Amino acid sequence: MFNFSKSSEFSRCADDRQSHSTLLNAWTILIAFACAMFGGLAPAAAQDNSFPSRAVRIVVGFPPGGGVDAVARMFADKMSAIFGQPVVVVNHGGAAGGIAGKQISAEAPDGYTILVNSNSMVIYSLMNPKTGLVVERDLQAVASVAPQAIIMVTSPELQVNSLSDLIALARKRPLNYGTPGSGSIPHLVIEQLLSTLPGVNMQHVPFQGAAPALTAVMANQIDIASVTLPPAAPFVTAGKVKGIAVTSTKRSAALPQVPTAAESGFPTIVATAWTGFFVPPKTPKTVVDRLEQAILQVAAMPDIKEKLTKLGFEPTSTPGAQFRSELSTEIKTWSAVLEKANLIQK
């Protein structure tokens, strides 16, 4: 006779082992599936390669033809190639870039509308607090590129050859100086200089842009023009105006013969007009990072560096974190200068 009880027990044990094995296999498959699903999400979120999936619009805070506009169009072409999507430039000038700044602050925070503007927007908002534009609150800085030094020039006939000569002359008789407009960076640079020089008599003559200020100094209608370097460089090179000093930390490659203000004995006079990229507040970090990466990639391209240098820009760039820190410091600096010069509209 067969012992069916042992055979049945063996069969039950085998069934239990098979069930246990099946259960383990099921859990293994489930865990592997979860890892594949959720483990793959982190890299996708970090890179966000899906952006942009359509055309991107760059809004320039100044009319066509100026320095900021030229840089914006230069970068738009290259960014379009990087993104594989059109990058379209439109101009919305007015109020030293303040109108465009206010407009972009209200756009959807999705990265598809980018503001390209200069320090002038920051100064405008500080001078006119009633406009309601607070740059650090209403815009998110992505990166800055192509800073422009400020240059002080005189007519060749004016008997000065250095910034020290100019100050000495201004102590003897009143001088006037032209700028691209009240509250512009070139204007505030002179105001900052004058705030450290008691007894110096210089009167401000605001113009509607750098070109008319340069024309006036060449015609001996004003003694000095303080403007951004790119529009002045051709006239200095041609000998139509005399370069006195630049406000960058080092001499410009476009005009290496012109000393810095620091070299001339005024180490605190350091300022540039940057070209900044901004997006609306609350734009996702992954999108901001993607834009910053593209902007810095373009800024590092040899042909872009060459073009910027020839135009009189500094071929450098500033990443987002550093730009935001410098912007915060700059706001404090210019606020103090504006207050001292009584230029804030109450």
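These numbers were taken from a predicted model, which means no experiment stands behind them.

## Digging into the overall build of the protein
Next, step 1: Across its full length, the protein carries 13 helices and 10 strands.
Next, step 2: Burial status across the protein gives 45% buried among its 346 residues.
Next, step 3: In the protein, 77% of the contacts between residues at least 6 apart in sequence involve partners at least 24 apart.
Next, step 4: Of the roughly 16700 Å² of accessible surface on the protein, a fraction of 59% belongs to carbon and sulfur atoms.

## Details of the nonpolar core
Next, step 1: Counting residues in hydrophobic clusters, the biggest one holds 51 residues, and the most contacted among them are Leu 163, Val 189, Met 202, Phe 278, Leu 327, Trp 334 and Leu 338.
Next, step 2: Not counting chain neighbours up to four residues away, the residues in contact with Leu 163 comprise Met 152, Leu 193, Ile 244, Ala 245, Ala 261, Ser 264 and Phe 266.
Next, step 3: Core analysis: the next-biggest nonpolar cluster, separate from the first, contains 34 residues, Phe 51, Tyr 112, Leu 291 and Val 298 among them.

## Description of the layout of surface pockets
Next, step 1: Its boundaries defined by the atoms lining it, the largest pocket holds a volume of some 1000 Å³.
Next, step 2: Considering the residues around the largest pocket, the lining is formed by 46 residues, among which Phe 62, Ser 120, Pro 180, Gly 209 and Ala 210 are closest to the centre.
Next, step 3: Broken down by secondary-structure element, the contributors of at least two residues to the lining of the largest pocket are helix H3 (67-83), helix H5 (119-127), helix H8 (185-194), helix H9 (210-218), helix H10 (229-237) and helix H12 (302-311).
Next, step 4: If one sorts the elements of the lining of the largest pocket by residue count, H5 sits on top with five residues.
Next, step 5: When its volume is computed, the second largest pocket comes out at roughly 640 Å³.

## Digging into the packing of H3 against H12
Each pair of packed helices can be described by the angle between their axes along with the distance between the axes.
Next, step 1: One way to put it is that H3 packs onto H12 with a least axis distance of 12 Å and a crossing angle of 170°. In terms of orientation, H3 lies roughly antiparallel with respect to H12. Between H3 and H12, the contacting residues are Val 71, Met 74, Phe 75 and Lys 78 on the first element and Asp 303, Ile 304, Lys 307, Leu 308 and Leu 311 on the second.
Next, step 2: Counted by class, the contact of H3 with H12 contains six nonpolar, no polar and three charged residues.

## A look at H9
Next, step 1: All of the buried residues in H9 are Ala 210, Ala 213, Leu 214, Ala 216 and Val 217. Down the axis of H9, the sector holding all buried residues measures 160°, keeping them to one side.
Next, step 2: Where H9 is buried, its residues contact strand S4 (140-154), strand S5 (175-179), strand S7 (224-228) and H10.
Next, step 3: Downstream of H9 by one or two residues, Asn 220 has phi in the positive range, about 60°.

## A closer look at empty space enclosed by the protein
Next, step 1: The tally for this structure, following the rule as stated, stands at one cavity of 30 Å³ or more.
Next, step 2: Considering only enclosed or pocket space, the largest cavity measures out at about 30 Å³ in volume.
Next, step 3: What lines the largest cavity is simply Ser 252, Ala 253, Ala 254, Thr 309, Phe 313, Glu 314 and Pro 315.
Next, step 4: Class assignment for the residues of the lining of the largest cavity results in four nonpolar, two polar and one charged.

## Quick look at the environment of Glu 191
Next, step 1: With respect to the helices, strands and loops of the structure, Glu 191 is situated in helix H8.
Next, step 2: Once residues within four sequence positions are removed from consideration, Glu 191 is found in contact with Tyr 177, Val 337 and Ala 341.

## Section: the pattern of salt bridges
Next, step 1: What the rule picks out here adds up to nine salt bridges.
Next, step 2: The partner of Glu 107 in a salt bridge is Arg 57, with the nearest N and O atoms 3.3 Å apart. Residue Glu 107 is found in the loop between helix H4 (98-105) and strand S3 (113-118), and its partner Arg 57 is found in strand S1 (residues 56-60); the two are separated by 50 residues along the sequence.
Next, step 3: Accessibility expressed as a relative area gives 24% for Glu 107, which makes it partly exposed.
Next, step 4: Put simply, Glu 263 and Arg 251 hold a salt bridge, and the shortest N to O gap is 3.0 Å. A residue pair is termed long-range when its members are at least 10 positions apart, and Glu 263 in the loop between strand S8 (242-246) and strand S9 (272-279) and Arg 251 in the loop between S8 and S9 qualify at 12 residues.
Next, step 5: A residue is classified by how much of its surface remains accessible, and Glu 263, at 48% relative accessible area, is partly exposed.

Calculation rules
- Residues numbered from 1 in each chain as written.
- Predicted model: local features only at pLDDT ≥ 70, side-chain atom pairs only at ≥ 80, totals over all residues.
- Heavy atoms only, no water.
- Helix = DSSP H or I, 4+ residues; strand = E, 2+ residues; numbered from the N terminus.
- Buried < 20%, exposed > 50% of the residue type's maximum accessible area, 1.4 Å probe, protein only.
- Contact = heavy atoms within 4.5 Å.
- Areas by Shrake-Rupley, 256 points an atom, 1.4 Å probe, with all protein chains shown as cover.
- Core = buried A, V, L, I, M, F, W, Y, C linked by side-chain atoms within 4.5 Å.
- 1 Å grid on protein atoms, 1.4 Å probe; cavity = no way out; pocket = protein on both sides within 12 Å on 5 of 7 lines; lining within 4 Å.
- Points joined across faces, edges and corners; volume = space filled by probe spheres on them.
- Axes fitted to C-alpha atoms, helices over the stretch in contact; angles between N-to-C directions.
- Parallel < 35°, antiparallel > 145°, perpendicular 65-115°, else oblique.
- Nonpolar A, V, L, I, M, F, W, Y, C, P; charged D, E, K, R; others polar.
- Arc of directions from axis to C-beta.
- Salt bridge = Lys/Arg side-chain N within 4 Å of Asp/Glu carboxyl O.

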